[in-house]
Amino acid sequence: MIYADGSVFLLQGKNYSYAMRVTKTGFLQQLHYGGKITKDDIAYLATIGDTMAPREDDINMDCALDGMMSEYGFYARGDFRDPTAIFARRDGAVMTRLRYKSYRVTTGTPGLKGLPHVRKADKTLCVTLKDDFSDIEVELMYSVSDDSDVLVRGAVIKNVGKTAIEIKKAFSFRIDLPNGEYSMMRLGGTWGRERCPEVAPISHGITRIQSLRGASSHQTNPFAAIMRKDCTEECGECYGVQLMYSGSFAITAEWAQNSPLTIQGGINDVDFSWKLGAGETFTTPQTLLTYSDCGLGGMSRSISRFILDSVVDPKYAYADRPIVINNWEATYFDFDNDKLFAIIDTAARLGIDTFVLDDGWFGKRNNDFAGLGDWTVNADKLKGGLDAVIDRCKKNGLKFGLWFEPEMVNEDSELYRTHPDYAIEKVGVTPVRARQQLVLDFTRKDVVDHIYHAVSKILKAHDISYVKWDMNRNITECFSDKLPAERHGEFMHRYILGVYDLAERLTKEFPNVFFEGCAGGGGRFDAGALYYFPQIWTSDVTDGYERTKIQWGTSMCYPLSAMSCHVSVCPNHQTRRTTPLVTRGIVASLGAYGYELDLSKLTEEEKETVKELTATYKKIRRIISEGDMYRILDPYTRDYFCEMVVSRDKSEAYVAGERVLCIPCDYNRYVHLRGLDENKTYRVEELDITASGAALMKAGLLLPKIPDFHAWTWHLKECDNK
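What counts as what
- Residues numbered from 1 in each chain as written.
- Predicted model: local features only at pLDDT ≥ 70, side-chain atom pairs only at ≥ 80, totals over all residues.
- Heavy atoms only, no water.
- Phe/Tyr/Trp six-rings, centres within 6.5 Å; stacked < 30°, edge-to-face > 60°.
- Helix = DSSP H or I, 4+ residues; strand = E, 2+ residues; numbered from the N terminus.
- Buried < 20%, exposed > 50% of the residue type's maximum accessible area, 1.4 Å probe, protein only.
- Lys NZ or Arg CZ within 6 Å of the ring centre and 35° of its normal.
- Pairing = 2+ DSSP bridges.
- Axes fitted to C-alpha atoms, helices over the stretch in contact; angles between N-to-C directions.
- Contact = heavy atoms within 4.5 Å.
- Parallel < 35°, antiparallel > 145°, perpendicular 65-115°, else oblique.
- Left-handed = near helix turned anticlockwise from the far one by under 90°.
- Nonpolar A, V, L, I, M, F, W, Y, C, P; charged D, E, K, R; others polar.

*Asks:* Residues and numbers for the packing of aromatic side chains, please.
*Replies:* Ring pairs (aromatic) are described by centroid distance and by the angle formed between their planes. By the definition in use, this model includes 35 aromatic pairs. Considering the side-chain rings of F362 and W403, the 6.0 Å spacing of their centres and the 10° angle between planes classify their relative orientation as stacked. Separated by 41 residues along the polypeptide, F362 in the loop between β22 (354-357) and α6 (385-395) and W403 in strand β23 (residues 399-404) bring together distant segments of the chain. Residue F362 is classed as buried on the basis of its relative accessible area of 0%. Aromatic pair F442 and Y495: ring centres 5.8 Å apart, planes at 35°, arrangement tilted. Separated by 53 residues along the polypeptide, F442 in the loop between β25 (438-439) and α8 (445-461) and Y495 in helix α9 (residues 491-509) bring together distant segments of the chain. With respect to burial, F442 and Y495 carry one shared label: buried. Every member of this aromatic cluster is reached through a ring pair, and the members are Y16, Y18, Y33, Y142, Y239 and Y291. Sitting above the plane of the Y3 ring, K39 keeps its charged end 4.9 Å from the centroid. The side chain of K381 reaches across the aromatic face of F335, ending 4.6 Å from its centre.

If you want it as C-alpha cells, here you go:
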C-alpha cells in the first residue's frame, strides 16, 4: 500500500513501514524505516524530523545537512557524508542540492530496459527531485507489495537541459537508520569458499564492501545485513541490502557521532563516469531492501520468497529442477563417445533425467589453452557430433545439456586469429591472462551479436534443453578501442549491460531451454543473474563438508532452489577429503540436486545408493523449491550442521544435518526444530515417533550418535493427533 499526498509518503509492506516527507525547505526527508506504523503517526515523526532539517530562513546555511535523514545524498552543499550521486557540468562545477519537484504512483513495477528488474509488484511510487544548480532531475522509485517485506529501490537520472553532463557517481539508493549502533554481516570469501558470513560492528567512518572485477565476485557478494545489537538468527531487527546487479558494485555504511547510519550502494564509482547528453536518462540497478524483526532467519525467508515470486522467471521459479549428471569432474577434457555413453547409460538406470556435456566439445578444445570462442563441434573428438550424444540420451530417456563460456576467448582460436580486436586488450600493453584466456569486449554490440549468432546456431541445430553458462575469469585492462577516451569510465557498466543483452536475447529466443549460471563456481551469484538463470552453480568446491558452510552462507539471501548442488567423487578433487556418499547426497539435497562424477565407475553398491538418494530427492524437491528454510546448527561455530525446510502450510518438513568432528562423551544433545505449527501433530518417519510441533520446537529431538562426516535426515509429516 502507498499513501501519498505530495507532502508525506507512507509505504506499507507486509510487516514494515517506510515514511518520508517533504520539508518546508523542499528536501525529501526519510522519517521511518522499520516496524509498522500508520498514517496518523507521521505528524509525530515530522516533529522529530524538524530537529534535523534546515530552517526555511537559512536555506543557504545548510552545513548541518549531514544530520538529516535524506533519501538521496547530494554533494558540496553542506551534507558532508559520502554522496549518493555526483554530476559534473561543462564548467567543472559539481555542487548539487536536490529538492522535491513532483510524484506519481503507478500500478505494478517499472520494467528497466537492459537491466534485470523485479517482475511484479503491487504499486510503485516515483518521486522526482530537481537540482537547484543544474538541469538534472533524479526520479526515485519505490516498489512495494502488500504480501512482502521487500522494498525495491532504484533511481533514474535525467538530463533535462541542452548540454551534456558527466555522471561521476550513480548509486541506486540511500537509507538512513537512527541511533548508529549496528553491525554488518557481509558474505566474503574466495574461489571455493564463497559467501562466508562475517559479522563486525559498524564503527565511525565508512565501511565499504565492493567488487572491482567486472563481476559480483567470489570475494564479496552484493549483499549486506545491517543488524541491531540484539539481532540473532531467530530474533531482533535487521535490514537486508541486496543489489540486483552482476558487475562491479559497492555498498557502504557511514556513521558519524550524532548522525544517522547511512547505507547506500550501486554501481562501483571507482573509475566510473557516464556522459549524459541533452534529454538522455541513466537508470541505476534496482536494490532489494528487506526489513525483519524476526532476526536473520526472517530476513532470509522474506528475501528468498520474494526472489522466487518476483525475480526468477515464473516458468521455472517453482518448477521441478532437472536432476543433472555433469561430466566435468568425471572426464575433464579427456572424453570420447564411449566414455560419455557409459555415463549416460548408467545415469538412466539411476533416476537421473539430464546429461550435461561440459567444457571440451568445441573447436580444438583439449585443454585450457585453445578453442574458446570457436562454438563449432569438435567432430574429431565426438564421432557423429553432438547429435550422436543427444541420440544416446534420448535412447535412455534423458534430456541433453551443453556448456558454454560465451564471454571468453583463447588466443589460440579461430575467433581470435580473425578478430583479435574482439578481446579486451590495449595495443602495446601485454594483457593479464587468467586460465590462459582473455575476455571478449562486450561493450561492443558487434561482439555480442557475433556470440549470440554462434550460440543460437548451436541451440537451433540440436535438441538441447539445458545450458550451463560459465565465466572463468575477471576483467583487466578495462579498455576498448571503440570507446572515445573521455568515455572509458563507462567501460565496466557497459560490459555487464552487454552480458545482460546476450542473456536476454538467448533466454527469450529459447524459452524452453533451462539456463544455469556459473562463474568459475559462485563468482557471479547475485539477484541480477537470477533474473536470467533460475539456478547458479554454487561453488566449484563440492566437498561434503565444505559445502555445508558455502550453502549456509548462500542461504542468507538466496533461495535453496537457486543453489546448484552436486554429488562428486572422493577423495574430493578440491580438498582431497573423503566423506560418505550418503553425506554428499544429503548435503546436496538442500538445493538443486545433481551429480559431478563418472557413474560408470561406481560399485554396484554405490550405484544402488545413488539410485536411492535420487529417488529420495524426488520426494522432497517440491518442499525444497517451495518451503521456508530455517538454519538450525551453524557449521562455522558448531561441530554439527543442520538445516530444516518447512512447507508453507506447515504440514510437512525436511531436516538434514551432518556431524563434523566427534568429541568424547558428546552425547544426549538436543536440537530444537523451528517453523512448525505448535498445534499440529507430526510423525518423524526415520525415528517412528509422534509429537506436537510445540514439543519438537521447545523440547527438541536428540541428535543422532554418528561418526565424523556422517549425515542424517528426518522427514516430518502432519498426522491425526487422535
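*Asks:* How would you summarise the sheet that holds strand β36 (residues 689-692) if you had to cite specific residues and measurements?
*Replies:* As a general point, the strands of a sheet are linked pairwise by backbone hydrogen bonds and lie either parallel or antiparallel. The strand order across the open sheet built from six strands is β31-β32-β33-β38-β35-β36, with neighbouring strands paired in antiparallel fashion. One side of each edge strand has no neighbouring strand; the edge strands of this open sheet are β31 (628-633) and β36. Across the sheet, the mean angle from the axis of one strand to that of its neighbour is 20°, orientation sign disregarded. With four bridges joining them, strand β35 (residues 681-684) and β36 adopt antiparallel strand pairing. Bridging from a neighbouring strand, V684 pairs with I689 of β36. Across the sheet, helix α13 (residues 604-626) is in contact with β31, β32 (640-646), β33 (652-659) and β38 (711-719); its angle to β33 comes to roughly 105°.

*Asks:* Quick rundown of the packing of helix α5 (residues 337-349) against α6? Include the residues and the values.
*Replies:* Running from N to C, α5 and α6 cross one another at 20°; their axes reach a closest spacing of 10 Å. As summarised for this structure, α5 and α6 are arranged roughly parallel, according to the angle between their axes. Crossing angle aside, the handedness with which α5 passes α6 is right-handed. When α5 is examined against α6, the residues N337, L340, F341, I344 and D345 are found in contact with a partner set consisting of A388, V389, R392 and C393. Residue composition of the contact of α5 with α6, grouped by class: six nonpolar, one polar and two charged.

*Asks:* Please provide a residue-by-residue account of unusual backbone geometry, values included.
*Replies:* A cis amide bond, omega -5°, links C570 with the succeeding residue P571. Checked against the element boundaries, P571 lands in the loop between β29 (563-568) and α12 (581-588). A positive phi angle is found at R435, which is not glycine, with a value near 50°. Phi at K650 is positive, roughly 60°, even though this residue is not glycine. Tracing the backbone through its elements, the reader meets K650 in the loop between β32 and β33. Using a relative accessible area of 25% as the deciding quantity, one classes K650 as partly exposed.

*Asks:* Can you lay out the pairing of β22 for me, pointing to particular residues and giving the numbers?
*Replies:* Successive side chains on a regular strand alternate, one facing one side of the sheet and the next facing the other. Neither face of β22 is exposed, since T354 and V356 on one face and F355 and L357 on the opposite face are all buried. Sheet analysis places strand β21 (residues 324-326) next to β22, joined by three bridges and oriented parallel. Across the sheet, the residue bridging to N326 is V356, located in β22. When β22 meets β23, the two strands line up parallel, connected through four bridges. Each residue of the ladder has a partner; that of F355, found in β23, is F400.

Read these as spatial facts, not as claims about activity.
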